[in-house]
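One-letter residues, chain by chain:
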Amino acid sequence: MKNYSLIYEDKKGNELKRSETTALNIKEARKYRDAILANSMINDLYKIKVRVK
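Heads up: these notes are all about the structure in this document. (Residues numbered from 1 in each chain as written. Predicted model: local features only at pLDDT ≥ 70, side-chain atom pairs only at ≥ 80, totals over all residues. Heavy atoms only, no water.)

1. Focus: the overall build of the protein
We apply this condition: Put simply, DSSP H or I for four residues or longer makes a helix, DSSP E for two residues or longer makes a strand, and each gets a number counted from the N terminus. Throughout, the radius of gyration refers to the C-alpha atoms, and the reference size of a globule is 2.2 Å times the residue count to the power 0.38. Residue burial is assigned from relative accessible area. The probe radius is 1.4 Å, only protein chains are included, and a residue is buried under 20% of its type maximum, exposed over 50%, and partly exposed in between. A contact between two residues is defined here by any heavy atoms of the two lying within 4.5 Å. The Shrake-Rupley method, run with a 1.4 Å probe sphere, supplies the accessible areas, and residue values consider only the shown protein chains as cover. Charge counting treats Lys and Arg as positive and Asp and Glu as negative, with His and both chain ends excluded. By convention, the charge on Lys lies at NZ, on Arg at CZ, on Asp at CG and on Glu at CD.
The number of helices and strands found in the protein is 1 helix and 3 strands. Ordered by position from N to C terminus, the α and β elements of the protein give β-β-α-β. Scaling as 2.2 N^0.38, a compact globule of 53 residues should have a C-alpha radius of gyration of about 10 Å, and the protein matches this with 11 Å. The dimensions of the protein, computed from C-alpha atoms along their principal axes, are 30 × 20 × 15 Å. When the 53 residues of the protein are sorted by exposure, 26% land in the buried category. By sequence separation, contacts in the protein at least 24 residues apart represent 50% of the contacts at least 6 residues apart. Counting every atom, the protein has about 4,100 Å² of accessible surface; 45% of that belongs to carbon and sulfur. Considering the protein, the positive charge centre built from 13 side chains and the negative charge centre built from 7 side chains are found 5 Å apart.

Structure below.
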């Protein structure tokens, strides 16, 4: 298991929020990111970046 940082950004690239998660690999972390992005309640959210911690 690896630790990944999820960085929530608005359209201008400003950081809105940051969280951490664990996943087996980058592919699993990206699947998790996609699920969060689809169900997000943050109005300004444009994208979520996945970074290896």
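2. Points about the pattern of salt bridges
Note the following rule: For this analysis, a salt bridge means a side-chain nitrogen from Lys or Arg found within 4 Å of a carboxyl oxygen belonging to Asp or Glu.
Applying the stated criterion across every chain yields a total of 5 salt bridges. Between glutamate 9 and lysine 49 there is a salt bridge whose closest N-O contact spans 3.5 Å. Highlighted residues: glutamate 9 in strand 1 (residues 2-9) and lysine 49 in strand 3 (residues 47-52), separated in sequence by 40 residues. Look at glutamate 9 and you get buried, because its relative accessible area is 8%. Lysine 31 is the partner of glutamate 28 in a salt bridge, and the nearest nitrogen-oxygen pair spans 4.0 Å. Of this pair, glutamate 28 and lysine 31 both sit in helix 1 (residues 26-38), 3 residues apart, which is roughly one turn of that helix. Taking the relative accessible area as the measure of exposure, glutamate 28 reaches 36% and is therefore partly exposed.

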